[in-house]
Amino acid sequence: MIKFFLMVNKQGQTRLSKFYEPVDIGKRAALEADVVKSCLARRKEECSFVEYKDYKLVYRQYAALFIVVGITDNENELSIYELVHNFIEVLDKYFSHVSELDIMFNLDKVHIILDEMILNGHIVETNKNRILAPLLALDKLAES
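Looking up the protein chain in an unreviewed UniProt entry gives the name AP complex subunit sigma, with the organism given as Chanos chanos. Entered under Subcellular location (unreviewed entry) in the UniProt record, the comment concerning the protein chain runs "Endomembrane system". Listed in UniProt under the heading Subunit (unreviewed entry), the comment for the protein chain reads: "Adaptor protein complex 4 (AP-4) is a heterotetramer composed of two large adaptins (epsilon-type subunit AP4E1 and beta-type subunit AP4B1), a medium adaptin (mu-type subunit AP4M1) and a small adaptin (sigma-type AP4S1)."

Trainee: So what exactly am I meant to see when it comes to the nonpolar core here?
Mentor: In a soluble, globular protein the nonpolar side chains are often hidden away together inside. Core analysis: the largest hydrophobic core is formed by 28 residues, its most contacted members being F5, F87 and I113. Within the residue set of this core, elements represented by two or more residues are β1 (2-9), β5 (65-71), α2 (77-95), α4 (107-117) and α5 (128-143). Looking at this core element by element, the count peaks at nine residues for α2. Setting aside its immediate chain neighbours within four residues, F87 contacts F5, M7, L16, I67, V110, I113, L114 and M117.

Trainee: Would you explain a nonpolar patch on the surface in this entry?
Mentor: Judged by side-chain polarity, L101, M104 and F105 come together as a nonpolar surface patch covering roughly 340 Å² of accessible area. Considering the arrangement of structural elements, one finds L101 in helix α3 (residues 100-105).

Trainee: Explanation requested: the state of the cysteines in the structure shown.
Mentor: Working definition: the covalent bond between the sulfur atoms of two cysteines is a disulfide. Per the counting criterion, the structure on display carries zero disulfides. The thiol of C39 is unpaired, and the distance to the nearest cysteine sulfur, on C47, comes to 11 Å. Overall, the relative accessible area of 1% leaves C39 in the buried class.

Trainee: I keep staring at the sheet that holds strand β2 (residues 14-19) and nothing clicks. Help me out?
Mentor: Within a sheet, adjacent strands bond to each other through the backbone by hydrogen bonds, running parallel or antiparallel. Strand order in the open sheet formed by five strands is β2-β1-β5-β4-β3, and the pairing between neighbours is antiparallel. Looking at which strands have only one partner, the edges of the open sheet turn out to be β2 and β3 (49-52). Taken over all neighbouring pairs, the strand axes of this sheet differ in orientation by 20 degrees on average, direction set aside. Against the sheet, α2 touches β1, β2, β3, β4 (55-62) and β5, its axis set at about 35 degrees to β4. Running over the sheet, α4 touches β1 and β2 and is turned about 35 degrees from β2.

Trainee: Would you explain α2 in this entry?
Mentor: Each full turn of the α-helix corresponds to 3.6 residues, which orients residues three or four apart in the same direction. Between its first and last C-alpha, α2 extends 27 Å over 19 residues, near the 27 Å set by a 1.5 Å rise per residue. When α2 is considered as a whole, its buried residues turn out to be I80, L83, V84, N86, F87, I88, V90, L91, Y94 and F95. Near the N-terminus of α2, the side chain that reaches the backbone nitrogen of L78, with its oxygen 2.9 Å away, is that of N76. A positive backbone phi angle near 50 degrees is found at S96, which sits one or two residues after α2.

Trainee: Sorry if this is basic, but what is going on with the pattern of salt bridges here?
Mentor: Close approach of charged atoms lets side chains of opposite charge pair. All chains considered together, the criterion is met by eight salt bridges. Between K128 and E89 there is a salt bridge whose closest N-O contact spans 3.0 Å. Of this pair, K128 sits in helix α5 while E89 sits in helix α2, and the two are 39 residues apart along the sequence. By relative accessible area, K128 is classed as partly exposed at 28%. Between D139 and K109 there is a salt bridge, with the nearest N and O atoms lying 3.8 Å from each other. Of the two residues, D139 is situated in helix α5 and K109 in helix α4; the sequence distance between them amounts to 30 residues.

Trainee: Is there a simple way to think about the UniProt feature "domain: AP complex mu/sigma subunit" (unreviewed entry) in the protein chain in this case?
Mentor: Within the UniProt annotation, "domain: AP complex mu/sigma subunit" (unreviewed entry) is assigned to residues 1-141. For residues 1-141, helix accounts for 47% and strand for 26%, while the C-alpha atoms at its two ends are 34 Å apart.

What counts as what
Residues numbered from 1 in each chain as written. Predicted model: local features only at pLDDT ≥ 70, side-chain atom pairs only at ≥ 80, totals over all residues. Heavy atoms only, no water. UniProt positions renumbered as here; feature names shortened; annotations may be inferred. Core = buried A, V, L, I, M, F, W, Y, C linked by side-chain atoms within 4.5 Å. Buried < 20%, exposed > 50% of the residue type's maximum accessible area, 1.4 Å probe, protein only. Helix = DSSP H or I, 4+ residues; strand = E, 2+ residues; numbered from the N terminus. Contact = heavy atoms within 4.5 Å. Patch = residues over 30% accessible without salt bridge, like charges linked within 9 Å, V, L, I, M, F, W, Y side chains within 5 Å. Areas by Shrake-Rupley, 256 points an atom, 1.4 Å probe, with all protein chains shown as cover. Salt bridge = Lys/Arg side-chain N within 4 Å of Asp/Glu carboxyl O. Disulfide = S-S within 2.5 Å. Pairing = 2+ DSSP bridges. Axes fitted to C-alpha atoms, helices over the stretch in contact; angles between N-to-C directions. Expected span 1.5 Å × (residues − 1). Polar contact = N/O pair within 3.5 Å; in protein donor to acceptor, adjacent residues only side chain to side chain.

See the structure below:
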């Protein structure tokens, strides 16, 4: 099960955070800081899977952004690694070459995409066209 999904830049600033289990607000900030620090400190040659307290961390870097996913021990790391890649591909398809600014200024749309892919910590959809369908329908409504 996916416990949390984070998107941070190289400076460690959180651009997106989604938690799939209740975590106190105070503990959330400390958890994010520790997780981000442990992933940013790693070299590119090192494995993208990290053991961290009760979680396994799966992270992937895209340009200046890191995506970090906290999962339980029984979740498949490679499927989560592929999910992260699929998420970026969906963002690229919607924004045409997604950047950090796209995420910052369209956070609601990024959350819609993420919610279409993950529900209650479980992967529910991976098809790019089906993920983008509700968002494209909202865009058509906004235009008219």
